[in-house]
Amino acid sequence: MKYRKLRVIISGGGTGGHIFPAISIAGKFKELNPETEILFVGAKGRMEMEKVPKAGYRIVGLPISGLQRKLSLRNMVHNLALPFKTLYSRAKARKLIREFKPDIAVGVGGYASAPLLMAATRAHIPSIIQEQNGFAGLTNKMLGGKVDRICVAYEGMERFFPAEKLVMSGNPIRSTIGPATPEMKARALEHYGLDARRKQL
């Protein structure tokens, strides 16, 4: 069966907990439809700018960053520049949406998700958040009311998001990571000093 070409934009990063699920999502899109064109959007200077190209995908960096709470001269200068970086990132995100014309936008959390998904939702692009954690991140909580669906891995996420938008999808795992064998589980329990008979909280 021949599929039409799909255009997917994936935004977010900052940590491996955001980046590797994003790469897994991209891989699944390509597996389901090899004609899929994928563009990543990340934050300049963060880990995704290295890891995503290594995985074979194109990425565009935004000059977005977070508020620094520790008091220092360097952080004060950083925070003073933050509004200008945010405005520029929003403008660049809108331009990316106009030029790339995605069929779907996916946010995985991190600074770069906010301007990109805000631009996508305003352009009426179907948008999804993938929340990897049991305690939702700030960016995802902020975007939860704007996107169409929120994919989660844990019960009780209606504490953070509109219940009608939640989809229990689990966390994306790279195809190179296979299921854990009983021997692997036993070694892990031994390493961390855990008792398999007790439920770990």
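Engineer: Account for the side chain of Glu-131, naming residues and giving values.
Structural biologist: Among the secondary structure elements, Glu-131 is positioned in the loop between strand S5 (127-130) and helix H5 (138-143). It is Lys-141 that comes nearest to the buried, bridge-free Glu-131 among opposite-charge side chains, at 8.7 Å. In terms of polar contacts, Glu-131 uses its side chain to reach the side chain of Asn-140, at 2.8 Å. Dropping the residues within four chain positions of it, Glu-131 is found in contact with Ala-136, Gly-137, Asn-140, Cys-151, Val-152, Ala-153, Met-157, Phe-161 and Asn-171.

Engineer: Describe the environment of Arg-90, with residues and values.
Structural biologist: Residue placement: Arg-90 occurs in helix H3 (residues 73-100). The residues contacting Arg-90, other than those within four sequence positions of it, are Pro-115 and Met-118.

Engineer: For the sheet that holds strand S7 (residues 166-168), give the residues involved together with the corresponding values.
Structural biologist: Within a sheet, each strand pairs with its neighbour through backbone hydrogen bonds, oriented either parallel or antiparallel. One open sheet accounts for seven strands, arranged S3-S2-S1-S4-S5-S6-S7; its pairing is parallel. Two strands lie at the open edges of the sheet, namely strand S3 (58-62) and S7, each paired on one side alone. Each strand axis lies, on average, 25° off the axis of its neighbour in the sheet, ignoring direction. The sheet contact formed by strand S6 (residues 149-152) and S7 spans three bridges and is parallel. Paired with Cys-151 across the strands is Val-167, a residue of S7.

Engineer: An account of helix H1 (residues 16-32) is requested, with residue identities and associated values reported.
Structural biologist: Residues spaced three or four apart along an α-helix point in a common direction, a consequence of the helix completing one turn every 3.6 residues. Spanning 17 residues, H1 covers 24 Å between terminal C-alpha atoms, matching the ideal 24 Å at 1.5 Å per step. Listing the buried residues of H1 in full gives Gly-16, His-18, Ile-19, Pro-21, Ala-22, Ile-23, Ser-24, Ile-25, Ala-26 and Phe-29. In this structure, the buried side of H1 is in contact with strand S1 (7-11), strand S2 (37-43), helix H2 (48-54), strand S4 (104-107) and S5.

Engineer: Let's hear about the packing of aromatic side chains: which residues, and what values?
Structural biologist: Counted according to the given criterion, the structure contains three aromatic pairs. Ring centres 5.0 Å apart and planes at 70° place the aromatic pair Phe-135 and Phe-160 in the edge-to-face group. Linking Phe-135 in the loop between S5 and H5 with Phe-160 in the loop between S6 and S7, this pair joins segments that are 25 residues apart in sequence. Their ring planes at 65° and their centres at 6.5 Å tell us that Phe-160 and Phe-161 sit as a pair that is edge-to-face. Both residues of the pair, Phe-160 and Phe-161, count as buried. The lysine or arginine in question, Arg-7, covers the ring of Phe-100, its NZ or CZ lying 4.5 Å from the ring centre.

Engineer: Describe unusual backbone geometry, with residues and values.
Structural biologist: The phi angle at Lys-101 is positive, at roughly 55°, despite the residue not being glycine. With respect to the helices, strands and loops of the structure, Lys-101 is situated in the loop between H3 and S4. Located in the positive-phi region is His-124, a residue other than glycine, with phi close to 60°. Tracing the backbone through its elements, the reader meets His-124 in the loop between helix H4 (113-122) and S5. On the basis of relative accessibility, which here comes to 72%, the residue His-124 falls in the exposed class.

Rules and cut-offs
Residue indices follow the written sequence of each chain, beginning from 1 at its first position. Per-residue local features of the predicted model are confined to residues with pLDDT of at least 70, and side-chain atom pairs are confined, for both listing and counting, to 80 or more; whole-chain, interface and lining totals are unaffected and use all residues. Water and hydrogen atoms play no part in the side-chain values, which are based on all heavy atoms of the structure. To qualify as a helix, a DSSP run of H or I must reach at least 4 residues; to qualify as a strand, a run of E must reach at least 2; elements of each kind are numbered from the N terminus. When a residue's accessible area, from a 1.4 Å probe over protein chains only, is under 20% of the maximum for its type it is buried; when over 50% it is exposed; and in between it is partly exposed. His is not counted, nor are the chain ends; Lys and Arg add positive charge and Asp and Glu add negative charge. One speaks of a salt bridge when a side-chain nitrogen belonging to Lys or Arg is within 4 Å of a carboxyl oxygen belonging to Asp or Glu. Side-chain atoms alone can form a polar contact between residues adjacent in sequence; in general such a contact is a pair of N or O atoms within 3.5 Å, and within protein one must be able to donate a hydrogen while the other accepts it. For this analysis, residues touch if any pair of their heavy atoms sits within 4.5 Å. Two strands pair under a simple rule: DSSP has to find at least two bridges between them. To get an axis, a line is fitted to the C-alpha atoms, and for a helix only the part in contact is used. The angle between two axes follows their N-to-C directions and goes from 0 to 180 degrees. Take the number of residues in a helix, subtract one, and multiply by 1.5 Å to get its expected span. Planes of paired rings set the category: under 30 degrees apart is stacked, over 60 is edge-to-face and the rest tilted, where pairs are Phe, Tyr or Trp rings (Trp by its six-membered ring) whose centres lie within 6.5 Å. Counted as over-ring charges are cases with an Arg CZ or a Lys NZ within 6 Å of the ring centre that also lie within 35 degrees of the ring normal.

Any link to function would need more than the numbers given here.
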